[in-house]
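Observations on the three-dimensional arrangement
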Amino acid sequence: MQQKKTRVGIIGSGPAGYTAALYAARANLAPVLFEGFYSGPAGGQLMTTTEVENYPGFPEGVTGPDLMDKFRKQSIRFGTDVLTDDVDSVDFSVRPFVIKGKKFTCEADSIIISTGATAKRLDIPGAGDGEFWQKGVTACAVCDGAIPIFRNKPLYVIGGGDAAVEEGTFLTKFGSRVYIVHRRDKLRASKIMQERALHHPKVEILWDSVVTIVEGDTVVRSVTIQNLKTGKVEKREAGGLFFAIGHVPSTAFLQNQVELHESGYIKVVPGTCQTSVKGVFAAGDVQDHVYRQAITAAGSGCMAALEAERWLVAEGIIT
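Below, the structure is looked at part by part. (Residues numbered from 1 in each chain as written. Predicted model: local features only at pLDDT ≥ 70, side-chain atom pairs only at ≥ 80, totals over all residues. Heavy atoms only, no water.)

1. Things to note about the sheet that holds strand 14 (residues 209-216)
Under the convention used in this document: Two strands pair if DSSP finds at least two bridges between them. To qualify as a helix, a DSSP run of H or I must reach at least 4 residues; to qualify as a strand, a run of E must reach at least 2; elements of each kind are numbered from the N terminus. Here, axes are lines fitted to C-alpha atoms. For helices the fit covers the stretch in contact, and angles between N-to-C directions go from 0 to 180 degrees.
Taking strand neighbours across the sheet as the criterion, the three strands line up as 14-15-16 in an open arrangement whose pairing is antiparallel. The sheet is open, and its two borders are formed by strand 14 and strand 16 (233-237), each paired with just one other strand. Neighbour-to-neighbour, the strand axes of this sheet turn through a mean angle of 25°, independent of strand direction. Across five bridges, the pairing between strand 15 (residues 220-227) and strand 16 is antiparallel. Bridging across to strand 16, Q226 finds its partner in V233.

If you want it as structure tokens, here you go:
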């Protein structure tokens, strides 16, 4: 096991982690960043995204992997020590804190957690990796809805909560019609969101229904819907399928050493990235259940690095 020591240890990559590393490195804090490996692709969810059209500075768009490669290289340029390693556990009861990876152990005076969250997906034939995932099947309408393949096509959203209604109504800007597929006979969404879906002229709810297969050629062309009460099966034209059934924040390795919301997201002091443990900060989707965008993740990564630096100064660890 190789040993490391740093003023700022960063767990997780993606827009939040790499931005935090960039700011910490430019402050001469020589951060050590665990970018992951087996636990998920280094670079986060954008590594499975094809075209990113809403990140500022790229008027022609950029692929997710290319964008994250630029983030990574920029953080390294200023002195970040990037470890391609997974974190198994942390110990916040000791000072410095201890980060234990599979290949490296690191003592860190402060820590930034940026491990992100993973969208929940259903195991539907045709919707998986290597099939039509990111070829018409996605889990973020705000991220992907404006892509040309979805325009003026019937679009399907799986879910029954606020997220499903919000994503469904957002997609009405682009699709010819939006169908919310819900396996029950009533929505779980809040009353105001239900009213929004039920009265929108371009939204139709398919009650008691599930998607059983996704088909197409180079992109999604159809979905098969089964009604769970009648058993009726119908193949329907589709330009896209959107999962809106929630996210799972990557916090299991923390073993409840910081306070979490009931949904599993890390609690931070409002308006900051400070967790319940002094000197431990959280950035990106691991603490953001509202926006979940690359640009907001990057912004919070900047915030976390600046807060970590100020905390280190206040504690007398650096001058």
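2. Here we look at the environment of V52
Rules: Under the scheme applied here, a residue whose accessible area is under 20% of the maximum for its type counts as buried, over 50% as exposed, and between as partly exposed, the area being computed with a 1.4 Å probe on protein chains only. Only heavy atoms enter the contact rule, under which two residues are in contact if any of them lie within 4.5 Å.
In this fold, V52 is placed in strand 3 (residues 51-52). Judged by its relative accessible area of 6%, V52 falls in the buried class. Along the sequence, V52 and A25 sit 27 residues apart, while their C-alpha atoms lie 26 Å from each other. With residues near it in sequence (within four places) discarded, V52 still touches L46, G61, V62, T63 and G64.

3. Looking at helix 4 (residues 162-171)
Because an α-helix completes one turn every 3.6 residues, residues spaced three or four positions apart along the sequence face the same direction. Where burial is concerned, most of helix 4 is hidden: seven out of the 10 residues are buried. Elements in contact with the buried residues of helix 4: helix 3 (141-144), strand 11 (154-158), strand 12 (177-181), helix 5 (191-198), strand 13 (203-206) and strand 17 (240-243).

4. Considerations on the pairing of strand 14
In this sheet, strand 15 lies alongside strand 14 in antiparallel orientation, the contact comprising seven bridges. Across the sheet, the residue bridging to S209 is N227, located in strand 15. The loop that links strand 14 with its antiparallel partner strand 15 comprises three residues.

5. A closer look at the side chain of E307
Filter applied, for reference: By the counting rule applied here, Lys and Arg register as positive and Asp and Glu as negative, while His and the ends of each chain are not counted. Each salt bridge in this description consists of a side-chain nitrogen of Lys or Arg and a carboxyl oxygen of Asp or Glu lying within 4 Å of one another.
Of note, E307 is situated in helix 6 (residues 294-314). Look at E307: it is buried, it has no salt bridge, and the nearest opposite charge is R310 at 6.3 Å. Beyond its immediate stretch of four places on either side in the chain, E307 contacts T272, C273, Q274 and F281.

6. Points about the packing of helix 4 against helix 5
Applied cut-off: Each helix crossing is assigned a hand: it is left-handed if the near helix lies turned anticlockwise from the far helix by less than a right angle, otherwise right-handed if that turn is clockwise. Gly counts as polar in this scheme, as do all residues outside two lists: the nonpolar Ala, Val, Leu, Ile, Met, Phe, Trp, Tyr, Cys and Pro, and the charged Asp, Glu, Lys and Arg.
Taken N-terminus to C-terminus, the directions of helix 4 and helix 5 make an angle of 35°; their axes are 9 Å apart at the nearest point. Crossing handedness for the pair helix 4 and helix 5: left-handed. Two secondary-structure elements touch here, helix 4 through D162, V165, E166 and T169 and helix 5 through M193, R196 and A197. Of the residues contributing to the contact of helix 4 with helix 5, the split by class is three nonpolar, one polar and three charged.

7. Here we look at unusual backbone geometry
The step from R95 to P96 runs through a cis peptide bond, and the omega angle for that step is -5°. With respect to the element layout, P96 can be found in the loop between strand 6 (87-91) and strand 7 (97-101). One non-glycine residue, A30, adopts positive backbone phi at about 45°. Position of A30 relative to the elements: it lies in the loop between helix 1 (14-26) and strand 2 (32-34).

8. Comments concerning the packing of helix 1 against helix 2 (residues 64-77)
Note the threshold: An angle below 35 degrees is read as roughly parallel, one above 145 as roughly antiparallel, one from 65 to 115 as roughly perpendicular, and any other as oblique.
For the pair helix 1 and helix 2, the least separation of the axes is 8 Å and the interaxial angle reads 20°. Considered as vectors, helix 1 and helix 2 are oriented roughly parallel to each other. In this structure, the crossing between helix 1 and helix 2 has a hand that is left-handed. Residue-level inspection shows G14, P15, Y18, T19, A21, L22 and A25 of helix 1 in contact with helix 2, the latter providing M68, F71, R72, Q74 and S75. Residue classes in the contact of helix 1 with helix 2 are distributed as seven nonpolar, four polar and one charged.

9. Looking at the state of the cysteines
The cut-off we apply is this: Two cysteine sulfur atoms form a disulfide, by the criterion used here, when they sit within 2.5 Å.
Within this structure, the stated rule accounts for one disulfide. Covalently, C140 is tied to C143 through a disulfide, its sulfur atoms 2.1 Å apart. Across the disulfide from C140 to C143, rotation about the S-S bond amounts to roughly 70°, and the bridge is consequently right-handed. C140 gets classed as buried once you look at its relative accessible area, which sits at 15%.

10. A short note on the pairing of strand 17
Here strand 17 shows a buried face lined by G240 and F242 and a second buried face lined by L241 and F243. Examined bridge by bridge, strand 10 (residues 137-138) and strand 17 share two bridges and lie parallel to one another. Each bridged residue has a counterpart across the sheet, and for V137 the counterpart in strand 17 is L241. As paired elements, strand 11 and strand 17 share four bridges and run parallel to each other. Note on strand 17: the bridge partner recorded for Y156 is L241.

This is a description of form; function is not addressed.
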